[in-house]
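Here's the letter readout for the chains.
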Amino acid sequence: MIPLSWYLALAAILFCIGVCGFLTRRNVIIMFLSIELMLNGVNLNLVALSHFLDSVRGQAFTFFIITVAAAEAAIGLGIAIALYRSRRSVHVDTINHLKG
Amino acid sequence: MIHTAAVSWTALEPILPELLLIGIGVLLIGCDLFLPRQRQLLPWLTVLGCLTALAMILAAQPVTAFGGMFLADGYAKVFKVICLGAVILTTLMAGQFRRLIGPRQGEYDSLLLFSLVGMLLMASAGDLMVLYLGLELMALPVYALVGLHKREQRTSEAAIKYFLMGAFASALLLFGMSLLYGLTGTTDIGRIAELIASRNLAANPALLAALGLLLAGLCFKVAVAPFHLWTPDVYEGAPTLVTAFMSVGPKAAGFAIFGRMLLEGLPQLQGHWGPILAVLALLTMAVGNITALCQHSLKRMLAYSSIAHAGYAVLGLLPGTAEGMAATMTYLVVYLFMNLGAFAVLMLLAAPGQSRESIDDCKGLATRHPVVAALMLVFLFSLTGIPPTGGFIGKFYLLKAAFTAGYTLTVVGAVLFSAISAYFYLRVVRLMYMSEAEAPVSLTFSPGMTAALGLCLAGALGLGLFPGSLLGWIVAALTGS
């Protein structure tokens, strides 16, 4: 039996990798993937806790998060395509028309 | 053999307004597709639907539905009225944007309604799951609305920035929620508070980590410094109509979940989040007001001013009491009218082919269009907080709430930054009244715009002249008497 703390540690590590990726990468798609990594850290947390606490709420929550993440991906990639069409790039350094 | 469970349709009664709005949203898409000639009627259908939902919400009795997941209490009612008001006013203004929106009218209105349903769910959330789903249902349509005009470079840039920041904030919020769930074993916000008290978790480091993550996520959503960096870019890049909506509706809904989480979910931690929020509020007011001083674009100035106003509104959360929350709600109602009014004037100035978003475009407005200039004067005075406008009353209640809770330094800071804000608001007034116009400006009024401006004026002035009735209603709604 794998103890709960291992799951929680893995979830926290996944989440932190996601945060670091979001803050350091400069490509919109990679940044978006980093957010997905963070969400999966949350999912792992919820599912592991749900199992050990013997309560189904965490698993139900996970289903909602997965569903919303899919909808979010659809909108995010749509916006990224619109951006690519107008700029020919999805690099954050080229997204600098708005400032001040 | 098939077993059928008996469905109790009466259980759906508390969410009837939300269901009605979803139905109208779908109907709008259908009308847009099959009756393209009747497109100019769609905004009126939207307004009608919102008014019906408003009447239903005002008439409803306080109930707890779906096992505590959906709370249709007085707290939710006030925030729902604010969000509905924001959607009604922005839809009325949309006539001004017919040329820009044109064939996208159906998409625009239905996205606005779906976002509204998300906001109503946020206001009623009694469970972390509903809170998260409402938040995403509010945010996803707004991401699409910001990037609605795909041809314009600025809007897709604003949309991607908003999307990335919003999704990042949601992930932070979710991790905080998963920690809360791990500590208490429930997602019910009221139960979380009980379990924290009964299990003596208040000093647990994991709970403090959860609090930090929740605060960061929530501050992102309502644009409180230092998590405000996306706001000016997104507000400037989005179409002005969407900016006006975003600066009021989603912000009010953000404050609804902010208050619900802190006041009902984590009241035992008030000693931790109170001082943190006091510092963040001061920082927000400083950043918003001082950066607004050096803006040349009126739209961007209003964006920074909306950051500063988020800082004022946080003051009401500090005491952690119903009176403080009532002050925040009163302020958000006043802010709805004065901010949408200022944005409405900005939209009037925009002409075909040129955006006219610079502060210099206000020059000499008073001689050419005295009524528009007078309206802008009232809205700017209200944003500054000069009596007898609503902005003064709203600020007064907020400062009083924070002062009685003992945050004297924060109150002094708020007054100072409010005085600084007079410089950039009144600079616009000076340009309107004391400068010569450079080029003639012709303004066209759509009927909806006239109605919206009238409502905003009535709200901004009326709440200043008769402040007691609004606060009385909100306090009565909160205390349930």
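All values derive from a computational prediction rather than experimental measurement.

Examining the packing of helix α8 (residues 189–198) of chain B against helix α12 (residues 249–265) of chain B
All names here are of chain B. Look at α8 against α12: their axes get within 8 Å of each other, and the N-to-C directions meet at 35°. Side by side, α8 and α12 meet where I189, G190, I192, A193 and I196 of the first sit next to R260, M261, E264 and G265 of the second. Residue composition of the contact of α8 with α12, grouped by class: 5 nonpolar, 2 polar and 2 charged.

Looking at the interface of chain B and chain A
Interfaces are frequently sized by the accessible area removed from exposure as the parts join. Facing the 42 residues of chain B at the interface are 42 residues of chain A. Both sides together, the interface formed by chain B and chain A hides about 3700 Å², and carbon and sulfur atoms give 76% of it. Three residues stand out in chain B for area buried against chain A, namely B:E157, B:F175 and B:Y181, and they jointly supply 17% of the buried area on that side. Linking chain B with chain A are 6 residue pairs in polar contact (both at pLDDT 80 or more), by the criterion used here.

Digging into the pattern of salt bridges
Across all of its chains, the model carries 11 salt bridges over all chains by this definition. What emerges from the salt-bridge pattern is a single network uniting A:R87, B:R154, B:E157, B:K161, B:D233, B:E236 and B:R300.

Describing the environment of A:C16
Looking at the secondary structure, you find A:C16 in helix α1 (residues 4–24). For A:C16 and A:V68, which are 52 residues apart along the polypeptide, the C-alpha to C-alpha distance reads 21 Å.

With respect to the domain arrangement of chain B
Residues and elements named next belong to chain B. Domain boundaries in chain B define domain 1 (14–171 + 231–264) and domain 2 (266–481). Of note, the centres of domain 1 and domain 2, computed from C-alpha atoms alone, are 21 Å apart. Of the roughly 3700 Å² buried between domain 1 and domain 2, counting both surfaces, carbon and sulfur atoms make up 77%. Connecting domain 1 to domain 2 are 2 salt bridges. Across the pair E236 and R300 runs a salt bridge whose closest N-O atoms are separated by 2.4 Å. Where domain 1 touches domain 2, the interface holds 10 residue pairs in polar contact (both at pLDDT 80 or more).

The rules behind these values
- Residues numbered from 1 in each chain as written.
- Chains lettered and ligands numbered in written order.
- Predicted model: local features only at pLDDT ≥ 70, side-chain atom pairs only at ≥ 80, totals over all residues.
- Heavy atoms only, no water.
- Axes fitted to C-alpha atoms, helices over the stretch in contact; angles between N-to-C directions.
- Helix = DSSP H or I, 4+ residues; strand = E, 2+ residues; numbered from the N terminus.
- Contact = heavy atoms within 4.5 Å.
- Nonpolar A, V, L, I, M, F, W, Y, C, P; charged D, E, K, R; others polar.
- Buried area = accessible area lost by both parts, 1.4 Å probe.
- Polar contact = N/O pair within 3.5 Å; in protein donor to acceptor, adjacent residues only side chain to side chain.
- Salt bridge = Lys/Arg side-chain N within 4 Å of Asp/Glu carboxyl O.
- Domains from an automatic or database assignment.

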